[in-house]
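Chain by chain, the residues run as shown.
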Amino acid sequence: MSGSLNVFSIEANHTSMAPSVAEKVEDVVNGTVASLKQESQGKEAELAPKDKGPSYPFYYPHFDVSEKFPPTEIFEFTDPGTRADPKKPHLLGPNTKTKDVSPYLGTEISGVQISELTKEGLDELALYAAERKVLLFRDQNFKDIGPEKQIEIAKHFGPIQKHPTSGNAKGYPEFHVVYRDADHDRFREYLGGDRINHTSWHSDVSYEKQTPGTTFFFILDQPESGGDTLFLSQAEAYRRLSPEFQKRLEGLRAVHSAVAQAEHSRQRGGPVRREPVETEHPVVRQHPVTGEKALYVNQGFTRRIVGYKVEESEYLLKFLYDHISKGSDFQIRATYEPGTVVVWDNRLTAHSATGDFDKAIRRHAVRLTPQAEVPIPA
Ligand SMILES: [Fe+2]
């Protein structure tokens, strides 16, 4: 573990959670550890009586330690939202119903199929996701349209990130699989120990040079209740700060690191498909379409403020993490029903899984994570 991570762990003693734990949480939530356990046994997991297995075995998390990806290269990016008609006629038709989950973020949408949207409709989806931060599409056939079509739709929003450590689908590294069932219960094993709660705020793979933008997450198996995803608006979190404090943050940069995630996977005999990177990003970023400013630090991957001494960096990051995690008035819970697809803008939000459901219950979901622009400093 690097010096910077040790430093962070010291700070974490004074906060609710150590980032190293957050990394583990993410991996466990992703199903990495669970499925490694299965692989190490070299046999199919023994399923609980009457359990027919995953509804969508194609997306069962796949790990191949020999799978390697080259370093990510910089690509040109234009956000599809820049092309969108602000009235969104190709997305929100006469049969579409929308209901805001909260004033600051989250809108539930029914009466539209993502799979049937035109290019114009997808452009409008990007804009809508930026405006509302999180969109909950109900009753989607997205999970049944097949991997090629799913990838094709997600690619409209940018090249899809291939995760360096998590479970993917065999032959389709674009899929990032989230999996837990009765035999793969390391989630509780990990978090039931020294943790009071299982909350783990992060923005996905924020260590990438070009961080994720419009992100897709579709559920395949879910508990009847629980397993929600918590989301918060980093834009509202930024707006809550005083103008003087906002001024202090603008211009600052922070290091986001993939090292702990990679080390954690390596220690468990899991894949490290791409050598881990550490990337500097602005602490306050600006959205390329809406111009909205948002905090861009998260406990999962942000390690230190560039140019600050250790205690200064810890002090500032602890304040910001406390601020966003306590902001229940700019947070929502995204709930899942069969057919739900959640689309969110990773540039303007942070999120956390909730591992509150019984360990005997299967939860299986898949993320497609298009990468967007190099973060624009505010
Ligand atoms: Fe995540």
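Owing to the predicted nature of the structure, the values given are computational and were not obtained by experimental measurement.

A.B. asks: Can you walk me through the overall build of the protein in this structure?
C.D. replies: Scanning the protein from N- to C-terminus turns up 10 helices and 16 strands. Nonlocal contacts in the protein, meaning residues at least 24 apart in sequence, comprise 85% of its contacts between residues at least 6 apart.

A.B. asks: Sorry if this is basic, but what is going on with helix α10 (residues 310–326) here?
C.D. replies: Owing to its 3.6 residues per turn, the α-helix brings residues three or four apart onto one side. For α10, with 17 residues, the first-to-last C-alpha span of 24 Å sits near the 24 Å given by 1.5 Å per residue. Residues of α10 that are buried include every one of Ser313, Glu314, Leu317, Leu320, Tyr321, Ile324 and Ser325, and no others. Down the axis of α10, the buried side of the element spans an arc of 140°, and every buried residue falls inside it. In α10, the exposed positions angled more than 90 degrees off the buried face are occupied by Glu311, Glu312, Phe319 and Lys326.

A.B. asks: When you look at the sheet that holds strand β16 (residues 376–377) in this model, what are you seeing that I'm missing?
C.D. replies: Hydrogen bonding along the main chain pairs the strands of a sheet, whether they run parallel or antiparallel. Spatially, three strands are ordered β10-β9-β16 in an open sheet, and the strand pairing comes out antiparallel. Lying at the two open borders of the sheet, with one neighbouring strand each, are β10 (293–295) and β16. Relative to β16, strand β9 (residues 284–286) is paired through two bridges, and the arrangement is antiparallel. By the bridge assignment for β16, Arg285 is matched with Pro377.

A.B. asks: In this structure, what is going on with unusual backbone geometry? I would like to understand it.
C.D. replies: Backbone geometry follows two general trends: most residues other than glycine have a negative phi, and most peptide bonds adopt the trans configuration. Phi is positive for Lys88, close to 55°, though the residue is something other than glycine. With respect to the helices, strands and loops of the structure, Lys88 is situated in the loop between α3 (32–41) and β1 (97–100).

A.B. asks: How should I be thinking about the sheet that holds strand β13 (residues 341–345) in this particular structure?
C.D. replies: Reading across from one edge, β1-β2-β3-β13-β5-β15-β4 is the order of the seven strands in this open sheet, with mixed pairing throughout. Every other strand in the sheet has two partners, leaving β1 and β4 (176–180) as the edge strands with one partner each. Neighbour-to-neighbour, the strand axes of this sheet turn through a mean angle of 20°, independent of strand direction. Note that β4 and strand β15 (residues 363–368) share five bridges and pair antiparallel.

The rules behind these values
- Residues numbered from 1 in each chain as written.
- Predicted model: local features only at pLDDT ≥ 70, side-chain atom pairs only at ≥ 80, totals over all residues.
- Helix = DSSP H or I, 4+ residues; strand = E, 2+ residues; numbered from the N terminus.
- Contact = placed C-beta atoms within 7 Å.
- Expected span 1.5 Å × (residues − 1).
- Buried ≥ 20, exposed ≤ 12 C-beta atoms within 10 Å, placed from the backbone.
- Arc of directions from axis to C-beta.
- Pairing = 2+ DSSP bridges.
- Axes fitted to C-alpha atoms, helices over the stretch in contact; angles between N-to-C directions.

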